[in-house]
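# Survey of secondary and tertiary structure
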Amino acid sequence: MTLTEYSLASRTGSAVAGPDVRAGRILYWLAFGAAASILLSIAVSQILLGISIVALLVSRKRLRFPPIVLPLALFFAATVIADLLSGDPLRGVPQIRKFFVFGIILVLFNTFRSVSQIRGLVLAWAGIATVSAGLALGQFVQRWNDAVKLHAAVYDYVLDGRITGFASHWMTYGGQQMIVLLLLLALLLFTPRGAWKICGWAAVAIIWIAIVLGLTRSIFLVAVPAGVLLLVWNYRRWLVWAAPAAALVMFLAAPPQIQDRVFSVFRPHGDVDSNYRRAIMARTGLRMIEAHPAFGIGPEQIQPQFLKYLPADVPLPLPKGWYGHLHNVYLQYAAERGLPALACILWIIGRMARDFRGALRAWPNQGDARFIWLGALAVIAAVLAEGFFEYNLGDSEVLTMFLATMTCGYIAIGCERKA
């Protein structure tokens, strides 16, 4: 389906009128709840998502989907084939079940009708993320105080129990906060002035501080800077040249432990930092891909087969850490499901990026929707950059927010084509 085709569908089949108004509102709020609640509880979000899908099917409305059906279907097929060929298909069932998460595309695309509704979702995310960041700051202070009381090494102790806010894990927390931060920045930079922006900039500051104190290097040193640079480049290009000075000021103002975390990129603290462990995972993942380039070793097979593909020159025992995945989204998809599956994921993301850049060129002066496309592109840049250091799209909460953000970009295109 092309952009023109799906836009025509939105004009002919999306209006909710007459006796269907109430049903349409119910569907919208169910979809909104499924998307917004992912920052609070994945259980609540997926319950609402399931109800939304059933309600959509019962409504018998003409269902629409963004123009990524073909690569998405091929990715699903590659995943199923990889699982069947793995020799232990039951172990890969959780990755098959994760197809359900992609339902967020269906429910949002068929219930959201305006840019104002998208703005409302972004503001809801921003509010929840700010509260989560506040909670995380409290967790950081508590962890720091515990380290002092126990006379433990502060760096090691805090790093071993990083802040999570409302999330279940610090990587989930960091990935979600990153997406919200970039979308909120896009909203602040590319929409008209308003008194509400004072609160918006305050939220940005709180979320950013909490992201840094999360100590996840791939987030605050790579992903967020990549997304912010894209936004700044499209806002005031000359400000990009001020980025190094801004980074230096923030580094000098940071506590010594934060500075130490930055230096750990080049000067790791033994097994406390993951540098050596990540190098082992990368080498092992490449051996998996070399042995099984077409369909990988199978979903959820990284951990049980890790030692089988471990390079012979790596001594045992392995450094402390989690070896359930490769901490690299590109290696992970290729090693688990094969190079064609990785190509499908990159095809989907590349198609999204191309369509949003096309929308910006088609409607260069459309302020209402511009923030959505630029925010989505910033999120894409951040996710792709972070993906070299983390299996970020393997996290259901982060994947849900990523897919919701991309869907909002397509909804905005449909809105502008109808205008």
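In case you missed it, the structure is sitting above this.
Quantities reported herein were computed from a predicted structural model and do not represent experimental measurements.

Here, the word disulfide means a covalent bond between the sulfur atoms of two cysteines. In the structure shown here, the tally under the stated rule is zero disulfides. You can see Cys408 has no disulfide; the closest cysteine sulfur is in Cys415, sitting 9.9 Å from it. Assessed through its relative accessible area of 14%, Cys415 is described here as buried.

Another aspect to go through is helix 9 (residues 170–189). Helix length check: helix 9, at 20 residues, gives a terminal C-alpha distance of 28 Å against a target of 28 Å (1.5 Å per residue), a fit within 8%. Extensive coverage of helix 9 is indicated by the burial of 19 of its 20 residues.

As enumerated under the stated definition, the model contains 16 aromatic pairs in all. Summarising the aromatic geometry, the rings of Phe75 and Phe76 are spaced 6.3 Å apart at their centres and angled 50 degrees between planes, so their arrangement reads as tilted. When its relative accessible area of 2% is taken as the criterion, Phe75 is described as buried. Aromatic rings pair up to connect Phe75, Phe76, Phe99, Phe102, Tyr333 and Tyr391 into one cluster. Across from the ring centre of Tyr235, 4.4 Å away, lies the NZ or CZ of Arg236, which sits over that ring.

Evaluation of the coordinates by the stated rule reveals six salt bridges. Across the pair Arg283 and Asp313 runs a salt bridge whose closest N-O atoms are separated by 2.9 Å. Of this pair, Arg283 sits in helix 14 (residues 275–291) while Asp313 sits in the loop between helix 15 (302–309) and helix 16 (329–337), and the two are 30 residues apart along the sequence. Relative accessible area serves as the criterion here: at 39%, Arg283 is assigned to the partly exposed category. As a salt-bridge pair, Asp355 and Arg351 come within 2.8 Å of each other at their nearest N and O atoms. Of this pair, Asp355 and Arg351 both sit in helix 17 (residues 339–362), four residues apart, roughly one helical turn. Summarising the burial analysis for this pair, Asp355 and Arg351 share the class buried. Several salt bridges converge on common partners, so that one network encompasses Arg351, Arg354 and Asp355.

Moving on, we come to helix 3 (residues 42–59). Helix length check: helix 3 (18 residues) gives 25 Å between terminal C-alpha atoms against 26 Å at 1.5 Å per residue, within 8%. Along helix 3, the residues that are buried comprise Ser45, Leu49, Ser52, Ile53 and Leu56. The buried residues of helix 3 all sit within an arc of 100 degrees when viewed along its axis, so they share a single face. Relative to its buried face, helix 3 has exposed residues pointing more than 90 degrees away, namely Ile47, Val54 and Val58. In this fold, the buried residues of helix 3 make contact with helix 2 (21–36) and helix 6 (103–109).

Moving on to the nonpolar core. Ile104, Trp125 and Phe356 are the most contacted members of the largest nonpolar core, which has 129 residues in total. Not counting chain neighbours up to four residues away, the residues in contact with Ile104 comprise Ala34, Ala35, Leu49, Thr400, Leu403 and Ala404.

With that settled, the discussion passes to unusual backbone geometry. Note the cis peptide between Leu316 and Pro317, where omega equals 0 degrees. Summarising the element assignment, Pro317 is placed in the loop between helix 15 and helix 16. One non-glycine residue, Arg60, lies in positive phi territory at about 60 degrees. With respect to the helices and strands, the residue Arg60 is situated in the loop between helix 3 and helix 4 (69–84). At Leu215, a position not held by glycine, the phi torsion is positive, near 65 degrees. Following the sequence through the fold, Leu215 ends up in the loop between helix 10 (196–213) and helix 11 (217–235). Of the residues examined, Leu215 reaches a relative accessible area of 5% and is grouped as buried.

A few words on the packing of helix 7 (residues 115–149) against helix 19 (residues 396–418). Where helix 7 contacts helix 19, the two axes come as close as 9 Å, and the packing angle between them is 155 degrees. Considered as vectors, helix 7 and helix 19 are oriented roughly antiparallel to each other. The chirality of how helix 7 crosses helix 19 is left-handed. Here Val115, Ile118, Leu121 and Trp125 of helix 7 come into contact with helix 19, specifically with Met401, Ala404, Thr405, Cys408, Ile411, Ala412, Cys415 and Glu416. Among the residues forming the contact of helix 7 with helix 19, the class breakdown is ten nonpolar, one polar and one charged.

So, about the packing of helix 9 against helix 11. Where helix 9 meets helix 11, the closest approach of the two axes is 10 Å, and the angle between their N-to-C directions is 15 degrees. Here helix 9 lies roughly parallel to helix 11, going by the angle between them. For the pair helix 9 and helix 11, the sense of crossing is right-handed. When helix 9 is examined against helix 11, the residues Met171, Gly174, Gly175, Met178, Leu181, Leu182, Leu185, Ala186 and Leu189 are found in contact with a partner set consisting of Ser218, Ile219, Ala223, Val224, Gly227, Val228, Leu231 and Tyr235. Tallied by class, the residues present in the contact of helix 9 with helix 11 amount to 13 nonpolar, four polar and no charged.

So, how was this worked out
Residues numbered from 1 in each chain as written. Predicted model: local features only at pLDDT ≥ 70, side-chain atom pairs only at ≥ 80, totals over all residues. Heavy atoms only, no water. Disulfide = S-S within 2.5 Å. Buried < 20%, exposed > 50% of the residue type's maximum accessible area, 1.4 Å probe, protein only. Helix = DSSP H or I, 4+ residues; strand = E, 2+ residues; numbered from the N terminus. Expected span 1.5 Å × (residues − 1). Phe/Tyr/Trp six-rings, centres within 6.5 Å; stacked < 30°, edge-to-face > 60°. Lys NZ or Arg CZ within 6 Å of the ring centre and 35° of its normal. Salt bridge = Lys/Arg side-chain N within 4 Å of Asp/Glu carboxyl O. Arc of directions from axis to C-beta. Contact = heavy atoms within 4.5 Å. Core = buried A, V, L, I, M, F, W, Y, C linked by side-chain atoms within 4.5 Å. Axes fitted to C-alpha atoms, helices over the stretch in contact; angles between N-to-C directions. Parallel < 35°, antiparallel > 145°, perpendicular 65-115°, else oblique. Left-handed = near helix turned anticlockwise from the far one by under 90°. Nonpolar A, V, L, I, M, F, W, Y, C, P; charged D, E, K, R; others polar.

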